Amino acid sequence: MSPPDDLSEQDRATKDRLDILTQAVRRLRGRQWRIVPHPGPIGGEQHVASGKSGALRAAIFGVNDGLVSNLSLIFGVAGAGVDNSVVIVAGVAGLLAGAFSMAAGEYISVWVQREVYERLIHLEAHEIGSDPEAERLELAELYVHKGLPRDLSDQLATELMKDPEVALETHAREELGLDPREGLGSPFAAAGSSFVTFALGAFVPLLPFLVSSGTPAVVASAILSGIALFAVGAAMSYLTGRPWLLSGARMLAVGAAAAGVTYLVGKALDVGGLS
């Protein structure tokens, strides 16, 4: 059995940054709120989605990002009084630029998360194989900090360390906040879904300008985008447990405010009037 200090230079450097890397993984996975147990009902209107709603969450927020960003861009350009062809070019450019940017960002995020995750698991596996007794004591100490009695913590840690796979899974979860059995997903799948959902949302405000122009197109885009914004907000209530009417109205208000501001800025610039 190799001694605990026979790590490569790269592994030692990674181990020195263990706390930083662990926190980075947790941030990539999303913020975790501390919930304090409390008596009483939580309200009949809250129906929180199950833990398997990650794909739905990504789809909703992808559509929302595309919708709000391209709606604001198109209204800003349209407010400047330019030709309809310019609005279309701006809308298509905003759709493609945003979709590619979202896809690239999601790809890098999942890719880095996976590499950091695998690195941390590798180091933990090395430590368990090199010095199992030290890892057993470390695990027992973690349970003591959680409030378990010392003797029970020692017994629990001893039983968990008997199976190497269980030991690694337990250390990863308790010490690093990771779950080896939880799939991280494919960077390509994450990038592809982000691209598609953003593009779908960004296409909504652009559609009326493809079949019309001027004020009718602006009005039609506002109505169509408003309906889509409300629908996206209402869909978010499936994840948050909030009333769907309130969620839809809030999303509609946010999108309308963003589009209204950019439209007024375009009006103030009045590029069309200068030509």
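Residues numbered from 1 in each chain as written. Predicted model: local features only at pLDDT ≥ 70, side-chain atom pairs only at ≥ 80, totals over all residues. Heavy atoms only, no water.

Participant: Can you break down the overall build of the chain residue by residue, with the values?
Facilitator: Check the secondary structure of the chain and you find eleven helices and zero strands. Helices (α) and strands (β) of the chain occur, in sequence order from the N terminus, as α-α-α-α-α-α-α-α-α-α-α. Out of the 275 residues belonging to the chain, those deemed buried represent 35%. Of the contacts formed within the chain by residues at least 6 apart in sequence, a portion of 74% connects residues at least 24 apart. Total accessible area on the chain is roughly 15,900 Å²; 65% of this is exposed by carbon and sulfur atoms. (Helix = DSSP H or I, 4+ residues; strand = E, 2+ residues; numbered from the N terminus. Buried < 20%, exposed > 50% of the residue type's maximum accessible area, 1.4 Å probe, protein only. Contact = heavy atoms within 4.5 Å. Areas by Shrake-Rupley, 256 points an atom, 1.4 Å probe, with all protein chains shown as cover.)

Participant: Mind laying out the pattern of salt bridges, listing which residues take part and the relevant values?
Facilitator: This structure, assessed with the given rule, holds four salt bridges. Of the charged contacts, one joins glutamate 141 and arginine 150 as a salt bridge, the two residues approaching to 2.8 Å between their closest N and O atoms. Taking the relative accessible area as the measure of exposure, glutamate 141 reaches 30% and is therefore partly exposed. Of the residues examined, arginine 150 reaches a relative accessible area of 43% and is grouped as partly exposed. Ionic pairing is found between arginine 173 and glutamate 169, a salt bridge with its closest N-O pair at 2.9 Å. Of this pair, arginine 173 and glutamate 169 both sit in helix H7 (residues 164–176), separated by four residues, roughly a single helical turn. (Salt bridge = Lys/Arg side-chain N within 4 Å of Asp/Glu carboxyl O.)

Participant: Run through the packing of helix H8 (residues 187–211) against helix H9 (residues 214–240), naming residues and quoting values.
Facilitator: Across the interface, H8 lies against H9 with an axial gap of 8 Å and an inter-helix angle of 155°. Taken together, the axes of H8 and H9 lie roughly antiparallel to each other. In this structure, H8 crosses over H9, and the sense of that crossing is right-handed. Residues Val204, Pro205, Leu207, Pro208 and Phe209 of H8 form the contact with H9, whose own contacting residues are Ala217, Val218, Ala220, Ser221, Leu224, Ser225 and Ala228. In terms of residue class, the contact of H8 with H9 is built from ten nonpolar, two polar and no charged. (Axes fitted to C-alpha atoms, helices over the stretch in contact; angles between N-to-C directions. Parallel < 35°, antiparallel > 145°, perpendicular 65-115°, else oblique. Left-handed = near helix turned anticlockwise from the far one by under 90°. Nonpolar A, V, L, I, M, F, W, Y, C, P; charged D, E, K, R; others polar.)

Participant: Just give me the short version of helix H6 (residues 150–160), but keep the residues and values in it.
Facilitator: Among the residues making up H6, those that are buried are Ser153, Ala157 and Leu160. All buried residues of H6 fall inside an arc of 65° around its axis, so they share one side. Those residues of H6 that are exposed and angled more than 90 degrees off the buried face are Asp151 and Gln155. Residues of H6 that are buried sit in contact with helix H5 (132–145) and H7. (Arc of directions from axis to C-beta.)

Participant: Could you give an account of the nonpolar core, with specific residues and numbers?
Facilitator: Counting residues in hydrophobic clusters, the biggest one holds 21 residues, and the most contacted among them are Ile74, Phe75, Val87, Phe209 and Leu229. Looking at this core, the elements with two or more residues in it are helix H3 (54–79), helix H4 (84–130), H8, H9 and helix H10 (244–269). Looking at this core, the element that brings in the most residues is H3, giving eight residues. The residues touching phenylalanine 209, leaving out its near neighbours within four places in the chain, are Ile74, Ala78, Asn84, Val87, Ile88, Ala217, Val218 and Ser221. (Core = buried A, V, L, I, M, F, W, Y, C linked by side-chain atoms within 4.5 Å.)

Participant: Hey, could you go over the packing of aromatic side chains for me, with residue numbers and the actual values?
Facilitator: What the rule picks out here adds up to five aromatic pairs. Ring plane angle 65° and centroid distance 4.9 Å describe the contact between phenylalanine 100 and phenylalanine 195, whose orientation is recorded as edge-to-face. Of the two residues, phenylalanine 100 sits in helix H4 while phenylalanine 195 sits in helix H8, which places them 95 residues apart along the sequence. On the basis of relative accessibility, which here comes to 52%, the residue phenylalanine 100 falls in the exposed class. Note on phenylalanine 195: relative accessible area 25%, which makes it partly exposed. Members of the aromatic cluster, connected to one another through ring pairs, are Tyr107, Trp111 and Phe188. (Phe/Tyr/Trp six-rings, centres within 6.5 Å; stacked < 30°, edge-to-face > 60°.)

Participant: Which residues make up the environment of glutamate 141, and what values go with them?
Facilitator: Tracing the sequence through the fold places glutamate 141 in helix H5. Residues glutamate 141 and serine 153, spaced twelve residues apart in sequence, show a C-alpha to C-alpha distance of 7.3 Å.

Participant: Quick rundown of the side chain of histidine 171? Include the residues and the values.
Facilitator: Topologically, histidine 171 is positioned in helix H7. With a relative accessible area of 0%, histidine 171 lands in the buried category. Here glutamate 135 takes part through its backbone oxygen, which lies 3.2 Å from a polar atom of the side chain of histidine 171. Histidine 171 has contacts with Glu124, Ile128, Glu135, Glu138, Leu139, Met161 and Leu176, leaving out every residue within four places of it along the chain. (Polar contact = N/O pair within 3.5 Å; in protein donor to acceptor, adjacent residues only side chain to side chain.)

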